[in-house]
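Topology and contacts: notes
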Amino acid sequence: MSGNERPPVLKVQDLAVYYDIHDGGLLRQQVRPLKAVDGISFELERGETLGVVGESGCGKSTLARALLGLVPPRRGRVLWLGEDLVGLDEKALRRKRKELQIIFQDPLASLNPRMTVGDIIAEPLWTFYPKIARVQVEERVRGMMKMVGLLPNQINRYPHEFSGGQCQRIGIARALVLNPKLIICDEPVSALDVSIQAQIINLLKDLQRKLALSLIFIAHDLAVVKHISDRVMVMYLGRAMEVASARHLYRRPLHPYTNALVKAVPIPEPGRRRRGAEETGLRGDMPSPMNPPTGCVFHPRCPWAVKRCELEVPPLRRMAEGDWVACHRAEELDLTIVKHAPGTV
Amino acid sequence: MTLDQSFVRHITRRLLSVLPTLLMLITVVFFLVRVAPGGPFDSEKALPPEIQANLEAKYHLDEPLLQQYFRYLGQILVLDFGPSFQYKDWTVNELIAQGFPVSLTIGALAMLLGFVLGVSIGVGAALRQNSAADFSTMGFAMLGVSIPNFVVAPLLILLFAVYGGWLPAGGWDWTWQSAVLPVVTLALPVIAYIARLMRGSMIEVLHSNFIRTARAKGLPERQVILRHALKPALLPVISYMGPATAALITGSVVVERIFSIPGLGSYFVQGALNRDYTLVMGVVLFYGVLIIALNFIVDLLYSILNPKIAYEEL
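Just so it is clear, the model here is predicted, and its values are computed rather than measured.

Details of the overall build of chain B
The secondary structure content of chain B amounts to 12 helices and 0 strands. The order of α-helices and β-strands along chain B, N terminus first, is α-α-α-α-α-α-α-α-α-α-α-α. Projected onto the principal axes, the alpha-carbon positions of chain B cover approximately 85 × 60 × 30 Å. The buried share among the 314 residues of chain B stands at 31%.

Encoded structure:
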């Protein structure tokens, strides 16, 4: 999307994940689809970071899991180096785990409490290279621990003996041990203290540069995403509202929803309040993904909505400067963030 | 797990804490059986007073209660449960030594069967959660938990002994044939109960985050289950098995009656009915020690299955 120089490593086309919700009584059971992810498309280059933001329940984590085949997609394609991961059988998909890894949100709960750190990090090695020598594994594990900022002599400790930030470092070491090419970070810092968040993000940035990793970084915190991303995708109710370079997105959002999100970032200045035009202009709550609005899913909450927004689904279309937006009125609206805007780079 | 100092200290502390428990058990049972109306030598026809007095003198029942109590405590210290009042010529030690191996064999086999089948069925059902197979096995498990063994045993005898003629209807001769029906009868509710426990905890564990991590690592599903999910899912089953094993290997009154097996179980009821003080004390103490020992083993297994539990916390 942001250039044609090199082919993208990851190309996602119209990916959709529906969960079947069973409701009604025992006799009149109905199955209704919950559209967690509904037609997402994007591309990712080697070494690039795509941030994904959105409110809770907008489908960010489902998107992450669908990319890795941890949940089955309803439709769409996930092309990894030209090969479609959707429809691969379990065995073939497992082999791809060498190249695509994920870091989870809850650092401690994501580690098996009955295994030592060394075993946790080494397990993928044993799985993919069963004949590897013990010494080699240990050497590699210690190397990984050092790389993510853990002390290699802590190799025989259990996860509960570490802090949240250290647990996330273990999670990162575990994800990196197989030399993957893409790492999906599913809200890797939202459970951590702000000071620790910065450490983990800087660690991820360092590792990305060193190892030429592509990253998909999911978060609900715009400030965090801005710091690490090259481009940002804004999701709402399972759809992409805007995909734009981080620079543009925070300075001049194209979509009213992005505008609302950027404006909602708290201003670190005591006594200063938002007034008038600075208010987010967002009305009401996010509708249920069981029963999404017609037309543009954002129209019931959009201050700029017109009749057309209720009727027609706006496609994600390319704007000037290589940014993409799904809004009928993107050209007319000028949502430039003025004075003191938190998004100023 | 290393045999480090804290481990040794933990074991010593645990063993020491057993003593007050046992003393309490002895005391309560000792006085309770004597509070119950009637005595060991009561019968429809009253004994001549001289004979009654002789008997009581022989078994020290004429002494003050406290003296009897301390005499009994002294005996227990040298592991002597004393003579049975009802089974003349037998000491309680001999009765237990004779009945326990039979009850132990049947009970241990039943527990083994219950554990292996229960865990496999539970895991199988959990992996097929909410499928027809899951619902039907759990339905059968509910039946297995609910149907009492005095219904199951006669039905099994009817089917396999009376109609089929493949197995003996009762009796005990240390052959596998004579063990099958009582073992199956005892094992059925255990299988059912463990299967339900296992299914529930397995489903819970499979939804936990570290299982998702294991899958993301690219582990085959078999490995995910065996290496990551099985251990934590076993915890509730293990804690159920401690007391349940003690109950099974000390013999079931009903099952031993129905299959006419010379086990330990009938002594509990017979001893109590006959006011056979020493026998009641003996079997209750024996049962108590087994429960304590098995709970101890369960706690040790816990700390192996879960390194988060430090010995100090046990």
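A word on the environment of Ser 190 of chain A
The topology assignment puts Ser 190 of chain A in the loop between β7 (182-186) and α6 (194-211). With 85 residues separating them along the chain, Ser 190 of chain A and Gln 105 of chain A place their C-alpha atoms 6.8 Å apart.

Describing helix α4 (residues 92-127) of chain B
Here α4 of chain B spans 49 Å end to end across 36 residues, near enough to the 52 Å set by a 1.5 Å rise per residue. Approximately 30 degrees is the largest bend angle found in α4 of chain B, and it occurs at Phe 100 of chain B, with the proline Pro 101 of chain B only one to four residues beyond.

Some points on the sheet that holds strand β5 (residues 83-84) of chain A
Residue and element names in this part refer to chain A. The strand order across the open sheet built from 4 strands is β2-β1-β4-β5, with neighbouring strands paired in antiparallel fashion. Every interior strand has two partners, whereas the edge strands, β2 (30-44) and β5, have only one. Examined bridge by bridge, strand β1 (residues 10-23) and strand β4 (residues 75-80) share 5 bridges and lie antiparallel to one another. Along β4, the bridge assignment pairs Leu 10 with Trp 80. Along the sheet, helix α1 (residues 60-67) contacts β1, β2 and β4; its crossing angle with β2, the most-contacted strand, is approximately 70 degrees.

Observations concerning the interface of chain A and chain B
At the interface, 21 residues of chain A touch 18 residues of chain B. Elements that contribute at least two residues to the side of chain A that touches chain B include exactly β6 (100-103) and α3 (117-128) of chain A. A per-element tally of the side of chain A that touches chain B places α3 of chain A first, with 4 residues.

Observations regarding the sheet that holds strand β12 (residues 324-325) of chain A
All names here are of chain A. On the basis of which strands lie adjacent, the open sheet formed by 8 strands has the order β6-β7-β8-β3-β9-β10-β12-β11 and mixed pairing. Looking at strand neighbours, the two that pair on one side only are β6 and β11 (317-318), the edges of this open sheet. Examined bridge by bridge, strand β9 (residues 231-236) and strand β10 (residues 239-245) share 6 bridges and lie antiparallel to one another. The residue bridging Arg 231 from the neighbouring strand is Ser 245, located in β10.

Quick notes on unusual backbone geometry
With a phi close to 60 degrees, Asn 179 of chain A is a non-glycine residue in the positive phi region. Mapped onto the elements of the fold, Asn 179 of chain A is located in the loop between α5 (164-176) and β7.

What to know about the packing of α3 of chain A against helix α4 (residues 134-147) of chain A
Residues and elements named next belong to chain A. Interhelical geometry of α3 versus α4 gives an angle of 120 degrees and a closest axis separation of 10 Å. As summarised for this structure, α3 and α4 are arranged oblique, according to the angle between their axes. You can see that α3 and α4 cross each other, and the crossing is right-handed. Contacts between α3 and α4 involve Gly 118, Ile 121, Ala 122 and Leu 125 on the former and, on the latter, Val 137, Arg 140, Val 141 and Met 144.

What about the pairing of β6 of chain A?
All names here are of chain A. A two-sided burial pattern is seen for β6, the buried positions comprising Leu 100 and Ile 102 on one face and Gln 101 and Ile 103 on the other. Of the strand pairs in this sheet, β6 and β7 are connected by 4 bridges, and their pairing is parallel. Bridging across to β7, Gln 101 finds its partner in Ile 183.

Section: the nonpolar core
With 94 residues, the main nonpolar core has Ala 173 and Ile 216 of chain A as its most contacted residues. Looking at which element gives the most residues to this core, the answer is α5 of chain A, with 6 residues. Residues contacting Ala 173 of chain A, with those up to four places away along its chain left out, are Ile 121, Met 144, Met 145, Val 148 and Leu 150 of chain A. Membership of the second largest hydrophobic core comes to 44 residues, among which are Met 198, Met 241, Val 255 and Ile 258 of chain B.

Focus: the packing of α3 of chain A against α5 of chain A
All names here are of chain A. At a minimum axis distance of 7 Å, the contact between α3 and α5 shows a crossing angle of 25 degrees. Taken together, the axis directions place α3 and α5 in an arrangement best described as roughly parallel. When the axes of α3 and α5 are compared, the crossing they make is right-handed. Contacts between α3 and α5 involve Val 117, Ile 120, Ile 121 and Pro 124 from the former and Ile 170, Ala 173 and Arg 174 from the latter. Class assignment of the residues belonging to the contact of α3 with α5 gives a composition of 6 nonpolar, no polar and 1 charged.

A word on the confidence of the model for chain B
Per-chain confidence: chain B averages 88 in pLDDT, with 96% of residues scoring 70 or above. Reported confidence for the predicted complex is 0.77 by ipTM and 0.78 by pTM.

Conventions used here
- Residues numbered from 1 in each chain as written.
- Chains lettered and ligands numbered in written order.
- Predicted model: local features only at pLDDT ≥ 70, side-chain atom pairs only at ≥ 80, totals over all residues.
- Helix = DSSP H or I, 4+ residues; strand = E, 2+ residues; numbered from the N terminus.
- Buried ≥ 20, exposed ≤ 12 C-beta atoms within 10 Å, placed from the backbone.
- Expected span 1.5 Å × (residues − 1).
- Bend = angle between axes of the 7 residues up to and from the residue.
- Pairing = 2+ DSSP bridges.
- Contact = placed C-beta atoms within 7 Å.
- Axes fitted to C-alpha atoms, helices over the stretch in contact; angles between N-to-C directions.
- Parallel < 35°, antiparallel > 145°, perpendicular 65-115°, else oblique.
- Left-handed = near helix turned anticlockwise from the far one by under 90°.
- Core = buried A, V, L, I, M, F, W, Y, C linked by C-beta atoms within 7 Å.
- Nonpolar A, V, L, I, M, F, W, Y, C, P; charged D, E, K, R; others polar.
- pLDDT = per-residue confidence, 0-100.

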